[in-house]
Amino acid sequence: QVRLEESGGGSVQPGGSLRLSCTVSGGAFNRGTLSWFRQAPGKEREIVAAIRYVDKNPRYADSVKGRFTISRDNTENTLNLQMNNLRPEDTAVYFCAAGSPILSALGRPASYGNWGQGTQVTVSA
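Fair warning: this is a prediction, and the values are worked out from it, not measured in the lab.

A. Summary view of the side chain of Arg 67. Structurally, the position occupied by Arg 67 is in the loop between strand S6 (58–60) and strand S7 (68–73). Judged by relative accessible area, Arg 67 falls into the buried class, the value being 7%. Beyond its immediate sequence surroundings of up to four residues, Arg 67 is in contact with Gln 82, Met 83, Asn 84, Asn 85, Leu 86, Arg 87 and Asp 90.

B. Region of interest: the pattern of salt bridges. Applying the stated criterion across every chain yields a total of seven salt bridges. Where Arg 38 meets Glu 46, a salt bridge forms, and the shortest distance between an N and an O atom there is 2.7 Å. Look at the salt bridges and you will find they share partners, linking Arg 38, Glu 46, Arg 67 and Asp 90 into a network.

C. Quick peek at the environment of Ala 61. Mapped onto the secondary structure, Ala 61 falls in the loop between S6 and S7. Taking the C-alpha atoms as reference points, Ala 61 and Ala 49, twelve residues apart in sequence, are found 6.1 Å from one another. Ala 61 has contacts with Ile 47 and Val 48, leaving out every residue within four places of it along the chain.

D. Representation of unusual backbone geometry in the model. Residue Lys 56 is not a glycine yet carries a positive backbone phi of 60 degrees. Within the secondary structure, Lys 56 sits in the loop between strand S5 (46–52) and S6. Accessibility expressed as a relative area gives 35% for Lys 56, which makes it partly exposed. Here Asn 85, not a glycine, exhibits a phi torsion of approximately 50 degrees, which is positive.

E. Broad picture of the side chain of Asp 90. Following the sequence through the fold, Asp 90 ends up in the loop between strand S8 (78–83) and strand S9 (92–99). Within polar-contact distance, the side chain of Asp 90 engages the side chain of Arg 67 at 2.7 Å. If we skip the residues at most four places from it in the chain, Asp 90 touches Arg 38, Arg 67, Phe 68, Asn 85, Val 121 and Val 123.

F. Representation of the pairing of S5 in the model. With five of seven residues buried, S5 is to be regarded as a mostly interior element. Relative to S5, strand S4 (residues 33–39) runs antiparallel, the two sharing six bridges. Paired with Ser 35 across the bridge in S5 is Ala 50. Hairpin connection of S4 to S5: six residues between the antiparallel strands, including Gly 42 at a positive phi of 75 degrees. As judged from the three bridges shared by S5 and S6, these two strands associate in the antiparallel manner. Residue pairing across strands places Ile 51 opposite Pro 58, the latter belonging to S6.

Cut-off values and rules
Residues numbered from 1 in each chain as written. Predicted model: local features only at pLDDT ≥ 70, side-chain atom pairs only at ≥ 80, totals over all residues. Heavy atoms only, no water. Helix = DSSP H or I, 4+ residues; strand = E, 2+ residues; numbered from the N terminus. Buried < 20%, exposed > 50% of the residue type's maximum accessible area, 1.4 Å probe, protein only. Contact = heavy atoms within 4.5 Å. Salt bridge = Lys/Arg side-chain N within 4 Å of Asp/Glu carboxyl O. Polar contact = N/O pair within 3.5 Å; in protein donor to acceptor, adjacent residues only side chain to side chain. Pairing = 2+ DSSP bridges.

Structure (structure tokens):
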């Protein structure tokens, strides 16, 4: 019943910006945790940012702190990721995910049972 769908990916030059959005259906927007993950070719899926319904406190991976902003649009039931000052190493497929992890497991993909299909982000000169 839970459905997530990402949009907003594309190709940009280093230093550019993109804004990703994820529509969340089936009740998951108002419970648990919503997160952004990314996966580059040949690499493990890694946490980018997360926000819990209970406290709405954004949390970020060290690699994106100061550059990315995760937010919830409570009127549209969307999860957003504003990505600024993009670097080539940000190139990956970006996924949104919904689940109910304990706080210490927020960054583990296995903590999430619902995933979007992913959207490609490419940063190159």
